[in-house]
Amino acid sequence: IRRSKLGDNHMAVAGSVINIGATLREMGDLQGALKKAAEGIRIVEKQASRRHLYVAEALNDQGVALQLLGRPVEAVAKCEEAVGVYSQLLDSDSPDVLTARVCLAVALFDAGRVQEAKVIHDELAPACEDLHGLALQQFDALRMRLSSE
């Protein structure tokens, strides 16, 4: 509906496409999630730049999907970029920044970079009460993995 009214390259379309990607990820369609995130990023880059909250959200979603697909090295790259974009645009204690950092820590752990994951975990532990949704799920999973190391 938005495409028909606004055109393929409108920022509102990008936001909708990225949200669809996140929903696909939550439903387990990880390949579909990756495609929608990439499509959303392309639209935003045409209208604005890669330094945009929509891009950070899509990169983080791609990182989580890649991690769930067992591709942790690629996941780390996407999550690092997401943290970088979010950190340029938001305060360090923003829920989006915290979520992206937790997702990065999980990807680092899965990539065998356990010490780096532990550093992030320890930095975020005081804020864990403020986490919710994906961040809380990822943080709990990371805590369990680190405790078994």
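To be clear, the structure that these remarks concern was listed above.
Now for a look at the structure at hand.

What counts as what
- Residues numbered from 1 in each chain as written.
- Predicted model: local features only at pLDDT ≥ 70, side-chain atom pairs only at ≥ 80, totals over all residues.
- Heavy atoms only, no water.
- Helix = DSSP H or I, 4+ residues; strand = E, 2+ residues; numbered from the N terminus.
- Buried < 20%, exposed > 50% of the residue type's maximum accessible area, 1.4 Å probe, protein only.
- Contact = heavy atoms within 4.5 Å.
- Lys, Arg positive; Asp, Glu negative; His and termini not counted.
- Charge placed at Lys NZ, Arg CZ, Asp CG, Glu CD.
- Polar contact = N/O pair within 3.5 Å; in protein donor to acceptor, adjacent residues only side chain to side chain.
- Axes fitted to C-alpha atoms, helices over the stretch in contact; angles between N-to-C directions.
- Parallel < 35°, antiparallel > 145°, perpendicular 65-115°, else oblique.
- Left-handed = near helix turned anticlockwise from the far one by under 90°.
- Core = buried A, V, L, I, M, F, W, Y, C linked by side-chain atoms within 4.5 Å.
- Expected span 1.5 Å × (residues − 1).
- Arc of directions from axis to C-beta.

1. Description of the overall build of the protein
Part 1 of the argument: The helix and strand tally for the protein stands at 8 helices and 0 strands.
Part 2 of the argument: Ordered by position from the N terminus, the helices and strands of the protein form the series α-α-α-α-α-α-α-α.
Part 3 of the argument: Principal-axis analysis of the C-alpha atoms places the extent of the protein at approximately 50 × 30 × 25 Å.
Part 4 of the argument: The buried share of the protein, reckoned over its 149 residues, is 43%.
Part 5 of the argument: Residue pairs at least 24 apart in sequence account for 58% of intrachain contacts in the protein once pairs closer than 6 positions are excluded.
Part 6 of the argument: Between the centroid of the 17 positive side chains of the protein and the centroid of its 21 negative side chains there is a distance of 8 Å.

2. Quick notes on the environment of Arg25
Part 1 of the argument: Its location among the elements puts Arg25 in helix H2 (residues 11-26).
Part 2 of the argument: Overall, the relative accessible area of 10% leaves Arg25 in the buried class.
Part 3 of the argument: For the pair formed by Arg25 and Asp61, sequence separation is 36 residues and the distance between their alpha carbons is 7.6 Å.
Part 4 of the argument: Residues in contact with Arg25, not counting those within four places in the same chain, are Leu30, Ala33, Asp61, Val64, Ala65 and Leu134.
Part 5 of the argument: Side-chain polar atoms of Arg25 contact the side chain of Asp61, separated by 3.3 Å.

3. Notes on the packing of helix H4 (residues 53-68) against helix H8 (residues 133-147)
Part 1 of the argument: The contact between H4 and H8 brings their axes to 13 Å, and the two run at 40 degrees. What the angle tells us is that H4 and H8 run oblique. Of the two elements, H4 crosses H8, and the hand of that crossing is left-handed. For the pair H4 and H8, the contacting residues are Asn60, Val64 and Gln67 in the first and Leu134, Gln138 and Arg145 in the second.

4. Brief notes about the environment of His10
Part 1 of the argument: Looking at the element boundaries, His10 is found in the loop between helix H1 (2-6) and H2.
Part 2 of the argument: The exposure class assigned to His10 is partly exposed, which follows from its relative accessible area of 33%.
Part 3 of the argument: Along the backbone, His10 and Lys46 are 36 residues apart, and their C-alpha atoms lie at a distance of 9.1 Å.

5. Focus on the side chain of Gln138
Part 1 of the argument: Position of Gln138 among the secondary structure elements: in helix H8.
Part 2 of the argument: Gln138 gets classed as buried once you look at its relative accessible area, which sits at 9%.
Part 3 of the argument: Ignoring anything within four residues of it in the chain, the contact list for Gln138 reads Val64, Gln67, Val102, Cys103 and Val106.

6. Re the nonpolar core
Side chains that are nonpolar tend, in soluble globular proteins, to be buried together.
Part 1 of the argument: Ranked by internal contacts, the top residues of the largest apolar core, which has 44 residues, are Leu104 and Leu142.
Part 2 of the argument: For this core, the secondary-structure elements that each account for two or more residues are H2, helix H3 (30-47), H4, helix H5 (72-89), helix H6 (95-110), helix H7 (114-124) and H8.
Part 3 of the argument: In terms of residue count, the dominant contributor to this core is H6 (11 residues).
Part 4 of the argument: Sequence-distant contacts of Leu104, defined by excluding residues within four places in its chain, comprise Val76, Cys79, Glu80, Val83 and Ile120.

7. A word on H8
Part 1 of the argument: The terminal C-alpha atoms of H8 lie 21 Å apart, and with 15 residues this matches the ideal 21 Å at 1.5 Å per residue to within 8%.
Part 2 of the argument: Among the residues of H8, Ala135, Gln138, Phe139, Leu142 and Leu146 are the ones counted as buried. Viewed along the axis of H8, the buried residues span an arc of 100 degrees, placing them on a single side of the element. Counted as exposed and oriented over 90 degrees from the buried face of H8: Gln137, Met144 and Ser147.
Part 3 of the argument: Those residues of H8 hidden inside the fold are in contact with H4, H6 and H7.

In short, geometric facts, not functional conclusions.
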